[in-house]
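Okay, here's what each chain looks like letter by letter:
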Amino acid sequence: MAKQYREIIDRALAEGRTYLMEHESKAVLESLDITTTGTGVAKSEDEAVAIFQSLASPVAMKVLSPEVVHKSDAGGVKLDLRDADEVRRAYREITQAFRDKKVAGISVQRMARPGVEAIVGVANDATFGPVLMFGLGGVFVEVLKDVSFRSIPISRSDARDMIEEIKGYALLRGYRGISADIEALEKLLMAISDFVIKNPDISEMDINPVFLYPDGYMVVDARIILGEPRAAPAAAVEQDLHDLFYPRSIAVIGASGTPGKLGWNVFTNLVSHKFKGMLYPINPKADEIHGCKAYPCISAVPEPVDVAIILVSAGITPDVVEECCKCGVRYIVVESAGFAELGEDGKKIELLMKDIADRYGVRLLGPNCSGIINTHCSMVQSIGIVDALSMGNIGLVSQAGVCAAGMLWGLRHIMDFGIIATIGNKLDINETDILEAVSKDENINVICMYLESVKGGRRFIDAARRITLEKPIVVLKSGRTAAGKKAVASHTASLAGNDQIFSAAFRQAGIIRARDYDHMFNLARAISKQPLPTREGVFIITYAGSLGVIAADAITDNGMRLSELEPHLLERLKSLLPDYVCGMNPVDYTFSQDAETVKRTIEIGVDSQDVGSFIVVLQAEILDSYVDTLKKIDYKGKPIIACVAGKEFAQADVIKMENAGIPVFGTPEQVADALGIMYRHQKRVAKEKS
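Residues numbered from 1 in each chain as written. Predicted model: local features only at pLDDT ≥ 70, side-chain atom pairs only at ≥ 80, totals over all residues. Heavy atoms only, no water.

## Considering the overall build of the chain
Threshold: A run of DSSP states H or I qualifies as a helix once it reaches four residues; a run of E qualifies as a strand once it reaches two. Both are numbered from the N-terminal end. Exposure classes here rest on a 1.4 Å probe applied to the protein chains alone. A residue is buried below 20% of its type maximum, exposed above 50%, and partly exposed in between. Two residues qualify as a contact provided that any one of their heavy atoms is within 4.5 Å of a heavy atom in the partner residue. All accessible areas in this document rest on Shrake-Rupley with a 1.4 Å probe, and a residue is counted as covered only by the protein chains that are shown. Charge counting treats Lys and Arg as positive and Asp and Glu as negative, with His and both chain ends excluded. Where a charge lies is defined by one atom per residue type, namely NZ (Lys), CZ (Arg), CG (Asp) and CD (Glu).
The secondary structure content of the chain amounts to 25 helices and 31 strands. Counting all 690 residues of the chain, 55% fall into the buried class. If you take every contact in the chain between residues at least 6 apart in sequence, the share linking residues at least 24 apart comes to 72%. Roughly 29200 Å² of accessible area belongs to the chain as shown, and the carbon and sulfur atoms make up 52% of that amount. Counting 77 positive and 90 negative side-chain charges, the chain places the centres of these two groups 2 Å from one another.

## A short note on the packing of aromatic side chains
Rules: Aromatic rings from Phe, Tyr and Trp, taking only the six-membered ring of Trp, are treated as a pair when their centres fall within 6.5 Å; an angle between ring planes under 30 degrees marks them as stacked, one over 60 as edge-to-face, and anything in between as tilted. Whether a charge sits over a ring comes down to the Lys NZ or Arg CZ being within 6 Å of the ring centre and within 35 degrees of the ring normal.
Evaluated as defined, the whole model comprises 11 aromatic pairs. Ring pairs connect the aromatic residues Phe128, Phe460, Phe502 and Phe506, which therefore count as one cluster. In this arrangement the basic side chain of Arg113 is found over the ring face of Tyr213, its NZ or CZ atom lying 3.7 Å from the centre. Against the face of Phe502 rests Lys477, its NZ or CZ located 4.5 Å from the ring centre.

## Comments concerning the packing of helix α3 (residues 45-55) against helix α4 (residues 84-97)
Applicable threshold: Convention adopted: a line fitted to C-alpha atoms gives each axis, helices being fitted over their contacting stretch, and angles between N-to-C directions are expressed from 0 to 180 degrees. Roughly parallel here means an angle under 35 degrees, roughly antiparallel means over 145, roughly perpendicular means 65 to 115, and every remaining angle is called oblique. Crossings are assigned a handedness: left-handed for a near helix turned anticlockwise from the far helix by less than a right angle, right-handed for a clockwise turn. Residues are grouped as follows: Ala, Val, Leu, Ile, Met, Phe, Trp, Tyr, Cys and Pro are nonpolar; Asp, Glu, Lys and Arg are charged; every other residue, Gly included, is polar.
Close contact between α3 and α4 brings their axes to 9 Å; oriented N to C, the two are set at 135°. Classified by the angle their axes make, α3 and α4 are oblique. The handedness of the crossing between α3 and α4 comes out as right-handed. Contacts from Glu45, Asp46, Ala48, Val49 and Phe52 of α3 reach α4 at Ala84, Val87, Arg88, Tyr91 and Arg92. When its residues are assigned to classes, the contact of α3 with α4 shows 6 nonpolar, no polar and 4 charged.

## Brief notes about the pattern of salt bridges
Formally: Here, a salt bridge means any side-chain nitrogen of Lys or Arg that lies within 4 Å of a carboxyl oxygen of Asp or Glu.
Within this structure, the stated rule accounts for 52 salt bridges. Residue Lys599 is joined to Glu603 by a salt bridge in which the shortest nitrogen-to-oxygen separation is 2.8 Å. Linking Lys599 with Glu603, this pair stays in helix α22 (residues 595-606), spanning 4 residues, or about one helical turn. Judged by relative accessible area, Lys599 falls into the partly exposed class, the value being 22%. Where salt bridges share partners, they join Arg363, Asp428, Asp433, Glu436, Arg459 and Arg466 into one cluster.

## A word on the pairing of strand β5 (residues 105-110)
Worth spelling out the cut-off: Two strands are said to pair when DSSP picks up at least two bridges between them.
A large share of β5 lies buried, amounting to 5 of its 6 residues. With 3 bridges joining them, strand β2 (residues 40-42) and β5 adopt antiparallel strand pairing. Of the residues in β5, the one forming a bridge with Val41 is Ser107. Where strand β3 (residues 59-64) lies against β5, 6 bridges are found, and the strand directions are antiparallel. Looking at β5, one finds that Ala60 is bridged to Gln109.

## Description of the sheet that holds β2
Taken in spatial order, the 4 strands make up an open sheet running β2-β5-β3-β4, and their pairing is antiparallel. This sheet does not close on itself; its edge strands, each paired only once, are β2 and β4 (77-81). With strand direction ignored, the average angle separating the axes of adjacent strands in the sheet is 25°.

## Some thoughts on the side chain of Asn585
Put simply, the rule reads: Counting of polar contacts relies on pairs of N or O atoms within 3.5 Å, with two restrictions inside protein: one atom must be capable of donating a hydrogen and the other of accepting it, and residues adjacent in sequence are counted only when both atoms are side-chain atoms.
Summarising the element assignment, Asn585 is placed in the loop between α21 (567-576) and β28 (587-588). One polar contact links the side chain of Asn585 to the main-chain carbonyl oxygen of Val538, over a distance of 3.0 Å. Within the local environment of Asn585, its side chain forms a polar contact with the backbone nitrogen of Ile540, the two atoms lying 2.9 Å apart. Contacts of Asn585, omitting those with residues within four sequence positions, involve Val538, Phe539, Ile540, Leu562 and Ser563.

## Examining the sheet that holds strand β18 (residues 363-365)
Within a sheet, neighbouring strands are paired by backbone hydrogen bonds and run either parallel or antiparallel to one another. On the basis of which strands lie adjacent, the open sheet formed by 5 strands has the order β13-β12-β16-β17-β18 and parallel pairing. Each edge of the sheet is formed by a strand with only one pairing partner; in this case those strands are β13 (278-282) and β18. Ignoring strand direction, the axes of neighbouring strands in this sheet form an average angle of 20°. Pairing between strand β16 (residues 307-310) and strand β17 (residues 331-334): 4 bridges, direction parallel. Within β17, the position partnered with Ile309 by the bridge is Val333.

## Section: unusual backbone geometry
Excluding glycine, residues mostly have negative phi values, and the peptide bonds linking residues are mostly trans. Cis peptide bonds are those with omega within 30 degrees of zero, and the linkage from Asn208 to Pro209 qualifies with 5°. Across the junction of Gly366 and Pro367, the peptide omega takes the value -5°, indicating a cis bond. The backbone of Asp33 sits at a positive phi, close to 65°, despite the residue not being glycine. One can find Asp33 in the loop between α2 (22-31) and β2. Taking relative accessible area as the criterion, Asp33 reaches 61% and is therefore assigned exposed. Even without glycine at this site, His290 takes up a positive phi of about 50°. When you line up the elements, His290 lands in the loop between β14 (288-289) and β15 (292-293).

## Focus: the confidence of the model for the chain
Put simply, the rule is: Predictor confidence is given residue by residue as pLDDT, running from a minimum of 0 to a maximum of 100.
Confidence along the chain averages 92 in pLDDT terms, with 95% of residues attaining 70 or more. Long-range and interchain partners of residues 483-496, a stretch whose pLDDT sits below 50, account for 37 contacts in this model, where long-range means more than four residues apart.

## Describing helix α11 (residues 317-326)
The condition that has to hold: The arc in question is the one spanned by the directions pointing from the helix axis to the C-beta atoms.
What α11 keeps buried is the set Thr317, Pro318, Val320, Val321, Cys324 and Cys325. Buried residues of α11, viewed axially, fall in a sector of 160°; they line one side. Exposed residues lying more than 90 degrees from the buried face of α11 are Asp319 and Lys326. Its buried side turned inward, α11 meets β12 (249-253), β16, β17, α12 (344-360) and β18. Of the residues flanking the end of α11, it is Gly328, one or two places downstream, whose phi is positive at about 85°.

## Quick word on the environment of Met415
Along the chain, the position of Met415 falls in the loop between α14 (408-411) and β22 (417-422). For the pair Met415 and Ile394, spaced 21 residues apart in the sequence, the C-alpha separation amounts to 8.0 Å. When sequence neighbours within four positions are dropped, the list of residues in contact with Met415 reads Ile394, Phe521, Ala524 and Arg525.

## Concerning the side chain of His681
Its place among the elements puts His681 in helix α25 (residues 668-689). From its side chain, His681 meets the backbone oxygen of Thr468 in a polar contact 3.5 Å long.

Now the structure itself:
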């Protein structure tokens, strides 16, 4: 089969063509056991009529020309031709319309029986390489853009997810006598993915339309675009960055004793947070800094150095990098700015640094970053002064240094970070390297990422897919735009917007995509402090009926439902309720609600097989009275999130509740959103592991 389709592709390339005509594309697909309408190639009216008569069916006729890509737009398609006269007339009209083009012949093919119209395609993405697209055809794709994407290669579960993800999936499952063979469709998607992987010179594909039937499918038209062969993906190499995060010694090149300078900030952070290893300030004009002996250059340090932090001007950084390499430094963190982010001159300096580090086998973080914070070894490399931190289980990987200091000032009161790693320009160590390293840390249970771009997109997907089975990953990806795309050869490529591809890649990897900073940190708080729900039922306890109703609506909107207590538990609940309360879920205690009542109500929900999680709506003015009581409850693995309207006016008590392990959100919608995301993630992990 491979030999057959390679002959077709190689012949086109030898003729200098960058795409296969329809009859060639269909021949390739048929060699893959993909069902098409086939095509006969006529080079005269008589041949066209002979093919028509052999098919004993209404036919379609289409121009075949290496110079015509969009046949329909140019009048090169005639449909539902039912007799010889119509075939002859269509042949003459097509050849006349394309008399100035090089025409290889006229395709004569059987009209496909009607079915659900779909489109399957392939496009190339700058970050993730070849991507597969699926959607329903007609208005669904043209107007609604109801399509799904996955990075190639795909798994069988990816194929099923692509199908179920589109809004028109209900039609495929069956609606008013219309349905599709889902298993056959999955096999089609898998076959295209496998074909593209085996043939790196396939740039784009359009299989459009495909008619889907209850018993199979039929490809009606196809186009394959050829391009320069893709480079083979780099083999995954196991990397050990442990000592970058847990170094025994750190040298700060550019350390300063002058408050306000970045070199003072970084060294002050390391000293004030009581870094557990050796510290070596490098400054030729200082004898000591913060009580530590200073050295004029790193080569003067008498002991081995695991990590060197560089804070000197960009122009001399390559020389400093080389000196570090010669001295046996294993990891270099360049916190200086003024490199590729400022233009070509800075980019040249970066490439010089990379070349030096590669020659010595040294790993480099940055430049233009804010180093690493690891609360489990009291290491704070940030260029901004960081106040006291608690050891935590949240990992944060960020392209922006502001996360390492500016945002921590407030977040540290309600979130406990274990590791914060900033990656800057990603000259060497990139987001996937750091993600893999952080995921291996037993102190980290959830990972957040702020990304502006991704290097080596397929490796990122594969790594994240493995990691999310054990530790949730929440990503905030910036740079979303609605910028128009340039004209492209295939319909698939025109639909493949960059941000849409990122969203699809995240779904494929099991990554939770955050909408903004607040959303990312809300999810991190919930996931780091609470277990994932294993059931969709939610038990709501509130002091305000309106907030209970809003919460009920919100959980429904997020794919969950109100839990239903078993009869014996309903009796227990009724014994608690005041006479004026009749609702069993949400349970509305009005303003008579207090900590002990909430505790006893929660304990009833804990005993229910249908309760998977709790939403408790609490009064801001007496929030403090709930903290100790809620903290002592045995929830038996069921998550609880508190909703406190006006929580910004009760921050001291909010911090107490957060430190007790119960996340506090400001609205029912935020709580329901978090629980819904947590539940869906748990379901996905369970499905992948089964």
